[in-house]
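Each chain is listed here by its residues.
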Amino acid sequence: MERTGAEPSVRLLFDDADDAAVFYDELRGVPGVFVEEVPAPNEPGEQGGVVEMLSAAVAGGAIPAALNLLQALVESRRDGFVLKARDGKRKVEITADNAQEALEVVREMLDGES
């Protein structure tokens, strides 16, 4: 499957480059998921901290597989792990404790829902 450029995308931000590398390797193996490493800009008021960002575009049919993989990866990380996801309007922090609810917000981002 080739990327059309019309797929919705989210930015995934990590505090640790090793975590970003694991997510990158796993996500790019999912058909319909297009992931690339991009520099993580600081937002106003942020002190830095974020060392890596992935941009993930997902074709509609691949959204469930991508979300299932994200949930498994988040739940397999160490205590205190936080994955931040953003689209143009919203931001959500995903942890093992809130993965199911937070990934529902990511699904809405990828579905283009407000």
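Described in the following lines is the structure provided in the data block. Note that the structure is a prediction, hence the values are computed from the model and not measured.

According to the stated counting rule, one finds one cavity of 30 Å³ or more in the structure shown. In this model, the largest cavity occupies a volume close to 50 Å³. Residue lining of the largest cavity: Val 10, Leu 12, Leu 27, Val 33, Ala 56, Val 58, Ala 66, Leu 70, Val 106 and Leu 110, and that is the complete set. Residue composition of the lining of the largest cavity, grouped by class: ten nonpolar, no polar and no charged.

Attention shifts here to the nonpolar core. Grouped together as the largest cluster of nonpolar side chains are 32 residues, with contacts concentrated most on Leu 12, Phe 14, Phe 23, Leu 70, Leu 83, Ile 94 and Val 106. When contributions to this core are tallied by element, the ones reaching two or more residues are β1 (9–14), α1 (17–27), β2 (33–38), β3 (52–58), α2 (63–76), β4 (83–86), β5 (91–94) and α3 (99–111). When residues in this core are grouped by element, the largest group, seven residues, is from α2.

The next subject is the packing of α2 against α3. To describe two helices that pack against each other, one gives the angle between their axes and the distance between the axes. Close contact between α2 and α3 brings their axes to 10 Å; oriented N to C, the two are set at 150°. The handedness of the crossing between α2 and α3 is right-handed. Judged by residue contacts, Ile 63, Leu 67, Leu 70, Gln 71, Val 74 and Glu 75 of α2 engage Ala 99, Gln 100, Leu 103, Val 106, Arg 107, Leu 110 and Asp 111 from α3. When the residues that make up the contact of α2 with α3 are grouped by side-chain class, the tally is eight nonpolar, two polar and three charged.

What counts and how
Residues numbered from 1 in each chain as written. Predicted model: local features only at pLDDT ≥ 70, side-chain atom pairs only at ≥ 80, totals over all residues. Heavy atoms only, no water. 1 Å grid on protein atoms, 1.4 Å probe; cavity = no way out; pocket = protein on both sides within 12 Å on 5 of 7 lines; lining within 4 Å. Points joined across faces, edges and corners; volume = space filled by probe spheres on them. Nonpolar A, V, L, I, M, F, W, Y, C, P; charged D, E, K, R; others polar. Core = buried A, V, L, I, M, F, W, Y, C linked by side-chain atoms within 4.5 Å. Buried < 20%, exposed > 50% of the residue type's maximum accessible area, 1.4 Å probe, protein only. Helix = DSSP H or I, 4+ residues; strand = E, 2+ residues; numbered from the N terminus. Axes fitted to C-alpha atoms, helices over the stretch in contact; angles between N-to-C directions. Left-handed = near helix turned anticlockwise from the far one by under 90°. Contact = heavy atoms within 4.5 Å.

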